[in-house]
Amino acid sequence: MKVFLAIDIGASSGRHIAGWQEGGELRTEEVYRFPNGVTEADGHLTWDIEALLGHVKAGIDEALKKYPKIESLSIDTWGVDYVLMKGDTEVLPCYAYRDGRTETVIPRAHEKMAFRELYRRTGIQFQPFNTVYQLYADKLAGRLDGATDFLMIPEYLMYKLCGVKSHEYTNATTGGMVNAGTGAFDPEIIRALELPEHLFRPLQQPGTVIGEYKGIRVILCATHDTGSAVEGIPMEGNELYISSGTWSLLGVKTPKPLTDGASEASNYSNEGGVGYNRYQKNIMGMWLVNRLRAELCPDKPWDEITAEAEEKHFDHLVDVNDPVFLAPESMRAAFDAKLPHPPKCTAGYFRCAYRSLAQGYRQAIEDIEANTGKTYQKLYIVGGGAKNRFLNRLTEEATGKKVIALPIEATALGNLKIQIMNGGEEA
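Attention here is on the structure that accompanies the text. (Residues numbered from 1 in each chain as written. Predicted model: local features only at pLDDT ≥ 70, side-chain atom pairs only at ≥ 80, totals over all residues. Heavy atoms only, no water.)

Scanning the protein from terminus to terminus reveals 15 helices and 18 strands. The C-alpha atoms of the protein give a radius of gyration of 21 Å, which matches the 22 Å a tight globule of 427 residues would have. Projected onto the principal axes, the alpha-carbon positions of the protein cover approximately 55 × 55 × 45 Å. Put simply, the protein has 427 residues, and 57% of those count as buried. (Helix = DSSP H or I, 4+ residues; strand = E, 2+ residues; numbered from the N terminus. Rg over C-alpha atoms; globule rule 2.2 N^0.38 Å. Buried < 20%, exposed > 50% of the residue type's maximum accessible area, 1.4 Å probe, protein only.)

So this is what it looks like as C-alpha cells:
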C-alpha cells in the first residue's frame, strides 16, 4: 500500500491528511491538525511563518509514526502571499493579504500600467492584495533591494523541507502577474513596474518532483488550495463549483482564459488549473460569519446560530464584496455602516450575512452564464461552508441551481490525487 501525505493549510487552520488507494477508492486519515491566523506586528497583519514551518514538520513526524513509509508529500495554502528571500535568509515580516499596506500603492501601480491592461494580459480580478500590488509596495519600501527570490507560502515551506526553490503555476496565477496566453510571468508587467527580473523564474506544473525530505519525495500539487479543491470535487460533467471557506471561490472550468471586457466588468479571474482554466470569482465567504461570531457570541455553537438566523425576519442585504468587510476592526460595525438600520438582535446579523452571501452567489452565477454563453444546472459546494444547511438552502433558492453540498476535504483530496497520479498509481 502506497501512502501519500497532503498538507493543507488555510487562513485559520492546517491539517496533515494521509491518503492511499484501497478497493479502487481513495481512503484518507487526518493525522495532525493545527491552528493558524494572522498576527499583528508594528501595526501590520503578518503570518508567523516560523510557527507554520514548525507545525508542518511536526505533522510530518506524526504521520511517519503511523506510516513509516510515505511515498510523497505536498503542501497547498491560500494564494497571493509570499516570503521574500536574500539567498537562504528570509526578509521578514511576511505580510498577510488582509494587511492594508497596498492601499496607497495601487494608484501608483496603475500609473505604470492601467488596470485594464493588467486585466487584458492576466485576466485576474482586481483585489487590493494581489501579489502584483504587494510586490510593488515592497519595491517602494526598499524591501526588494538585494532580494534574490520571492516564494509563495507553500513553495517556501517546501523549500525549507527539501532545499529547492520553486514557482508552481496555479499559485503564481493568483497574483496578477502571469500572462493568460503564455502561462508564464508577463515581462511587460515586470518591466512597467520596474521589478527585478531575476525574481520571476520559470513556472513548474503540478506533479513536478522537486526534492526529498526524510526519505519522502516532495511534489508540487496545485499549491493554490482552490486549484487542488477543484481537482478533488467528484463532479459529473463540467458544472459550477464553490470552494467555501474563509473565501467563497465560485467558478467553472473553461478551456482557456476569458479576458474580455465583460469578464473585467464582472471582476472575474482566470486562474490556473490542472490542464484547464478556472474562471472564478473571490466572494468574501465565511469570513463574515466567523468574525461576527468571534465578536458577538464566541461560545455559541454554530447549529444554534444558524437555527436562530433561520427563525428571524431581518431581510436587509449587504454587498458581501464591499471592501469594508475585508479587515474591519469590528465586523458588526461594518454591517451597521452598510444597513439602513442595524438588526435588533444578534441573529439578525447572521441572517443578513447568510442571505447576502446567497445573493452574491446568484449574481456571480448570472455573470458566469452571460460571459461563457452557457447555462449550468448544478452547483457543487465543498469545504467547511458545505456543512451549513441553511446557507445551502438559501443558495439553492437564490440561484435556481441544484446544490450538491459535499462536506469533504476536497482540497486535500485534490492534493493527494495529483501526488498519486505522479506516484505510480492512478487516482
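Attention now moves to the pattern of salt bridges. Summed over the entire model, instances satisfying the criterion amount to 30 salt bridges. Between Glu409 and Arg15 there is a salt bridge, with its nearest N and O atoms 3.9 Å apart. Here the residue Glu409 occupies a position in the loop between strand 18 (402-406) and helix 15 (410-421), and Arg15 occupies one in strand 2 (residues 13-22), the gap between them amounting to 394 residues. Where Lys160 meets Glu90, a salt bridge forms, and the shortest distance between an N and an O atom there is 3.2 Å. (Salt bridge = Lys/Arg side-chain N within 4 Å of Asp/Glu carboxyl O.)

Another aspect to go through is the pairing of strand 1 (residues 4-9). In terms of residue burial, strand 1 counts as a mostly covered element, since 6 of its 6 residues are buried. By the alternation rule, side chains of strand 1 split into Phe4, Ala6 and Asp8 and Leu5, Ile7 and Ile9, which are all buried. Sheet topology places strand 1 next to strand 6 (residues 72-76); 5 bridges connect them, and they run parallel. Residue Phe4 lies in a different strand from strand 6, and its bridge partner there is Ser72. Summarising the sheet, strand 1 and strand 2 pair through 6 bridges and their orientation is antiparallel. Its bridge partner lying in strand 2, Ala6 is registered against Ile17. Counting the residues that bridge the hairpin from strand 1 to strand 2 gives 3 residues. (Pairing = 2+ DSSP bridges.)

Taken together, the 6 strands give an open sheet; going across it, the order is 15-16-14-13-17-18, and neighbouring strands pair in mixed fashion. Across the chains shown, the open sheet's two edge strands, defined by having one partner strand only, are strand 15 (269-272) and strand 18. Taken pair by pair, the neighbouring strands of this sheet meet at an average axis angle of 30°, ignoring direction. Bridge analysis of strand 17 (residues 378-382) against strand 18 gives 5 bridges, and the strand direction is parallel. In the strand pairing of strand 18, Val382 is matched with Leu406. (Axes fitted to C-alpha atoms, helices over the stretch in contact; angles between N-to-C directions.)

On to unusual backbone geometry, then. Of note, the bond from Leu92 into Pro93 is cis; its omega dihedral lies within 30 degrees of zero at 10°. As for its placement among the helices and strands, Pro93 is situated in the loop between strand 8 (89-91) and strand 9 (94-95). Even without being a glycine, Asp42 presents a positive backbone phi close to 55°. Here Asp42 shows up in the loop between strand 4 (39-41) and strand 5 (44-47). For Asp42, a relative accessible area of 78% translates into the label exposed. The phi dihedral of Val80 falls on the positive side, at around 65°, and the residue is not glycine. Structurally, the position occupied by Val80 is in the loop between strand 6 and strand 7 (82-86).

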